[in-house]
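Examination of the molecular architecture
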Amino acid sequence: MMYRFDKPAIVLIVCAALIQGCAKNGALGLNDLNKKEFDAWAHVTRAEYPEYLWQETRFGSIVLYDQVGTGTLEPSDSTPYLRVHHTLRLLDGTVTATTDSSLSKQIGTYSPRYYYGPTFWNRGATAFYAGYREIIEGCAAADGTPALAPMKTGGSRTAVIPGWLQTEKKFDSRIQYLSTVTGTNEIVTVTLIEQIKDIVAWEIDSLSRFLTLHTDINPGDTTSEFRPSNYGFYYKQTKAPDVDTAFVADDITYVHYVGRLLDGTVFDTNIADTAKAYGLFDFETEVESNYKAMKITYGKTEDEMKSGDSSSSLITGFSRALFNMKAHEEGVAIFYSALGYGATGSASAGIGPYTPLIFEIRLTDSAD
């Protein structure tokens, strides 16, 4: 069955009429307008699409669709991290966020520089919103409705989450949320791919599988208790340096690089031909001459490495590789997210949370 969320104009007209009526009746409470919009949308849409589930939760969300997965959802203190696909919409159907590249292409918002793919939700964190927690973990019954069961791995659930549940606060009743929190009503579709206990171990395991399948690097080279500073970091020399002399503080070199994800996706490069090949080159605004080797100024330690004339800092994994390279050397650095963009990732660079990175690096004498 196809589930549509692009509602006709009549829904918005009815919502507007009800909200205006509310405003004429005197002073408004914190969520009066928000709840009127939510209730009006539900009233009109339910009449139009009775095939949806329309299961109300304890605190006021409405489950529209539920595809049950397998297994059980472990407690948040056991598996705090969930790997998910998700799409967020406003009540009028406007997509505000999605991990689905196909959907993004369909609605015309796709960019090769943005990250698409499974992401991580930390339900053990205090910032995990009440509406999402209720939809994911299930909840007791609302009046006259059945209890909502927790999601299972492989399952997918679509729900309308009211603005008053867009908060990390925990209350015991719906009225407490309504009188305390305000936010944007939204429709969320979430697919639970995997439950993860230890996100660092999960990432190192992903790296180990990649190294075993695609390189001749020994995954054990990074995990030895005798080399803790190298944990999560791997380097493979692909071309030997011209000399065996190490760079020292204030030395300058130049770097050509290609940044990849483990699936081969190129998220950044300063090589024009590579940018063109992977869809990163904007033919309307860019010229090849803008792609030059990056200037690198060495520091006394890897943390003091700087790039460009503005002396911008580098992510740790990249600077660690450069700090140990020598003149005209080439190599590949592979490292886990703690040495990259960490728990947040970098959406503008096309990098998701907890994402290991690969950098192909070539040192040269000039920017050209």
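To keep things clear, this report deals only with the structure shown in the data block. Computed from a predicted structure; not experimentally measured. (Residues numbered from 1 in each chain as written. Predicted model: local features only at pLDDT ≥ 70, side-chain atom pairs only at ≥ 80, totals over all residues. Heavy atoms only, no water.)

Comments concerning the overall build of the chain
What the chain contains, in helices and strands, is 8 helices and 15 strands. For the chain, buried positions account for 45% of its 368 residues. Within the chain, contacts between residues at least 6 apart in sequence are counted, and of these 67% link residues at least 24 apart. As presented, the chain carries roughly 18400 Å² of accessible surface, and 51% of it is formed by carbon and sulfur atoms. (Helix = DSSP H or I, 4+ residues; strand = E, 2+ residues; numbered from the N terminus. Buried < 20%, exposed > 50% of the residue type's maximum accessible area, 1.4 Å probe, protein only. Contact = heavy atoms within 4.5 Å. Areas by Shrake-Rupley, 256 points an atom, 1.4 Å probe, with all protein chains shown as cover.)

Things to note about unusual backbone geometry
The residue His328 is not glycine, and still its phi comes out positive at about 65°. On the secondary structure map, His328 appears in the loop between α8 (316-323) and β14 (330-335). The backbone phi angle of Tyr354 is positive, close to 50°, even though this residue is not glycine. Along the chain, the position of Tyr354 falls in the loop between β14 and β15 (357-364).

Focus: helix α4 (residues 130-137)
The buried fraction of α4 is high, at 7 of 8 residues. Here the buried face of α4 lies against β2 (62-67), β3 (81-89), β5 (119-122), β6 (156-161), α5 (174-180) and β7 (186-196). Count one or two residues on from α4 and you reach Gly138, which has phi positive near 80°.

Points about the side chain of Thr189
Relative to the helices and strands, Thr189 is located in strand β7. There is a polar contact of 2.9 Å between the side chain of Thr189 and the side chain of Thr158. Leaving out residues up to four positions away in the same chain, Thr189 has contacts with His85, His86, Thr87, Arg89, Ser156, Arg157 and Thr158. (Polar contact = N/O pair within 3.5 Å; in protein donor to acceptor, adjacent residues only side chain to side chain.)

Points about helix α2 (residues 32-48)
Helix length check: α2, at 17 residues, gives a terminal C-alpha distance of 24 Å against a target of 24 Å (1.5 Å per residue), a fit within 8%. Along α2, the residues that are buried comprise Asn34, Phe38, Ala40, Trp41, Ala42, Val44 and Thr45. (Expected span 1.5 Å × (residues − 1).)

Concerning the pairing of strand β11 (residues 294-297)
Of the pairings in the sheet, the one linking strand β9 (residues 252-260) to β11 comprises 4 bridges and is antiparallel in character. Along β11, the bridge assignment pairs Val255 with Met294. Bridge count for β11 against strand β12 (residues 306-307) is 2 bridges, and the pairing is antiparallel. Residue pairing for β12: Ile296 is matched across the bridge by Ser307. (Pairing = 2+ DSSP bridges.)

Some details on the packing of aromatic side chains
Evaluation of the coordinates by the stated rule reveals 24 aromatic pairs. Here Phe171 and Tyr177 contribute two aromatic rings whose centre-to-centre distance is 5.1 Å and whose plane-to-plane angle is 80°, an arrangement assigned as edge-to-face. Given a relative accessible area of 2%, Tyr177 falls into the buried group. In textbook terms, an aromatic cluster arises when at least three aromatic residues are bridged by ring pairs, as seen for Phe233, Tyr257, Phe267, Phe318, Phe335 and Phe359. (Phe/Tyr/Trp six-rings, centres within 6.5 Å; stacked < 30°, edge-to-face > 60°.)

Some thoughts on the nonpolar core
Where a protein is soluble and globular, its nonpolar side chains tend to be buried together. In this structure, Trp41 and Ile136 are the most contacted members of the largest nonpolar core, which totals 35 residues. Sequence-distant contacts of Ile136, that is, excluding residues within four places in its chain, are made with Leu73, Leu82, Trp121, Phe128, Pro150, Met151 and Val190. Counting residues in each nonpolar core, the second largest holds 34 residues, with Tyr234, Leu322, Met325 and Ile358 among its members. (Core = buried A, V, L, I, M, F, W, Y, C linked by side-chain atoms within 4.5 Å.)

Some remarks on the pattern of salt bridges
Per the stated rule, a full pass over the model turns up 14 salt bridges. Here Lys236 ties to Asp216 by a salt bridge, and the two come within 3.4 Å at their closest N and O atoms. Of this pair, Lys236 sits in strand β8 (residues 233-239) while Asp216 is found in the loop between α6 (199-214) and β8, placing the two residues 20 residues apart along the sequence. (Salt bridge = Lys/Arg side-chain N within 4 Å of Asp/Glu carboxyl O.)

A few points about the pairing of β9
Burial within β9 is extensive, with 8 of its 9 residues counted as buried. Two elements, β9 and β15, share 7 bridges in a ladder whose sense is antiparallel. Considered in β15, the bridge of Tyr254 is made with Thr364. Pairing of β9 with strand β10 (residues 266-269), which is carried by 3 bridges, proceeds in the antiparallel orientation.

Observations concerning the side chain of Gln166
In this fold, Gln166 is placed in the loop between β6 and α5. Polar side-chain contacts of Gln166 include one of 3.3 Å to the backbone oxygen of Thr184.

Remarks on the environment of Ser313
Among the secondary structure elements, Ser313 is positioned in strand β13 (residues 312-313). Between the C-alpha atoms of Ser313 and Ile296, which are 17 residues apart in sequence, the distance is 10.0 Å. Ignoring sequence-local partners within four residues, the contact set of Ser313 consists of Met305, Lys306 and Ser307.

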